[in-house]
Amino acid sequence: MKIVCFLLKLMVKILLLPVAFLLRFLCFIWNLLMQLSLWVLSPVILFVLGCGIYSVVRASWTDVFLLTLIEMGLFAAAVGAGGIMELMEQLCERVEDVLTI
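All figures in this text were calculated on a predicted structure; none of them were measured in a lab.

A.B. asks: Can you walk me through the nonpolar core in this structure?
C.D. replies: The nonpolar side chains of a soluble globular protein tend to be buried, and buried together. If you look at the biggest cluster of nonpolar residues, it comprises ten residues: Ala-20, Leu-23, Cys-27, Met-34, Ala-81, Met-85, Met-88, Cys-92, Val-95 and Leu-99. Every element with two or more residues in this core is listed here: helix H1 (2-58) and helix H2 (61-100). Looking at this core element by element, the count peaks at six residues for H2. The contacts of Cys-92, once residues within four sequence positions are left out, are Leu-23, Arg-24 and Cys-27. Within the second largest apolar cluster, five residues are counted, among which are Ile-45, Val-48, Leu-67 and Leu-74.

Written out as structure tokens, the structure is:
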């Protein structure tokens, strides 16, 4: 019985090894893309914020509303990318924990 359990665990580890490599590669690529996109999004966020402040000073409330929506969308995209990255890291760690048991 112990031999059967050992062979089943070995089969699961062999099948999960390519999945672990693929997940780690996807985590690396997602992290790289997230860093590059945030380098691009950061100046855009600051520009939209500056335009919003200018619109408040000018009392152009329609523009303030639209710029606030744009700012919230950009911020949500940045936070969402970080959340996805965290979920992928947790999934990678769980698969690696299964492989090391």
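A.B. asks: Looking at this structure, I do not really get H2. What am I missing?
C.D. replies: The end-to-end C-alpha distance of H2, which contains 40 residues, comes to 58 Å, matching closely the 58 Å that a straight helix rising 1.5 Å per residue would cover. Turning to H2, its buried residues number three or more, namely Val-64, Leu-67, Glu-71, Leu-74, Ala-78, Ala-81, Met-85, Met-88, Cys-92, Val-95 and Leu-99. Those residues of H2 that are buried are in contact with H1.

A.B. asks: I'm lost on H1 in this one. Help?
C.D. replies: Look at H1: 77 Å from first C-alpha to last across 57 residues, which is about the 84 Å you get at 1.5 Å a residue. Of all bends in H1, the biggest is about 30°, found at Leu-16, and the proline Pro-18 comes one to four residues later. Considered for burial, the residues of H1 that qualify are Ala-20, Leu-23, Cys-27, Met-34, Leu-41, Ile-45, Val-48, Gly-52 and Ser-55. In the segment just after H1, Ala-59 is the residue with positive phi, at about 60°.

A.B. asks: Could you clarify how one ought to interpret a nonpolar patch on the surface in this entry?
C.D. replies: Residues Leu-22, Phe-25, Leu-26, Phe-28, Leu-32, Leu-33 and Leu-36 make up a contiguous nonpolar surface patch of roughly 700 Å² in combined accessible area. Assignment of secondary structure puts Leu-32 in helix H1. Assessed through its relative accessible area of 41%, Leu-32 is described here as partly exposed.

A.B. asks: When you look at the side chain of Glu-71 in this model, what are you seeing that I'm missing?
C.D. replies: As for its placement among the helices and strands, Glu-71 is situated in helix H2. The side chain of Glu-71 sits in the buried core without any salt bridge; Arg-58 is the nearest counter-charge, 16 Å away. Apart from residues lying up to four places away in sequence, Glu-71 is in contact with Ile-45, Val-48 and Leu-49.

A.B. asks: Help me out: how do you make sense of the pattern of salt bridges in this one?
C.D. replies: Once the charged atoms of two side chains with opposite charge are near each other, the side chains can pair. According to the stated counting rule, one finds three salt bridges in the structure shown. Linking Glu-96 and Arg-24 is a salt bridge whose minimum nitrogen-to-oxygen distance equals 3.1 Å. Of this pair, Glu-96 sits in helix H2 while Arg-24 sits in helix H1, placing them 72 residues apart in sequence. Among the residues examined, Arg-24 registers a relative accessible area of 31% and is labelled partly exposed. Look at the salt bridges and you will find they share partners, linking Arg-24, Glu-89 and Glu-96 into a network.

Reading guide: rules and limits
- Residues numbered from 1 in each chain as written.
- Predicted model: local features only at pLDDT ≥ 70, side-chain atom pairs only at ≥ 80, totals over all residues.
- Heavy atoms only, no water.
- Core = buried A, V, L, I, M, F, W, Y, C linked by side-chain atoms within 4.5 Å.
- Buried < 20%, exposed > 50% of the residue type's maximum accessible area, 1.4 Å probe, protein only.
- Helix = DSSP H or I, 4+ residues; strand = E, 2+ residues; numbered from the N terminus.
- Contact = heavy atoms within 4.5 Å.
- Expected span 1.5 Å × (residues − 1).
- Bend = angle between axes of the 7 residues up to and from the residue.
- Patch = residues over 30% accessible without salt bridge, like charges linked within 9 Å, V, L, I, M, F, W, Y side chains within 5 Å.
- Areas by Shrake-Rupley, 256 points an atom, 1.4 Å probe, with all protein chains shown as cover.
- Salt bridge = Lys/Arg side-chain N within 4 Å of Asp/Glu carboxyl O.
- Lys, Arg positive; Asp, Glu negative; His and termini not counted.

What is shown is where atoms sit, not what they do.
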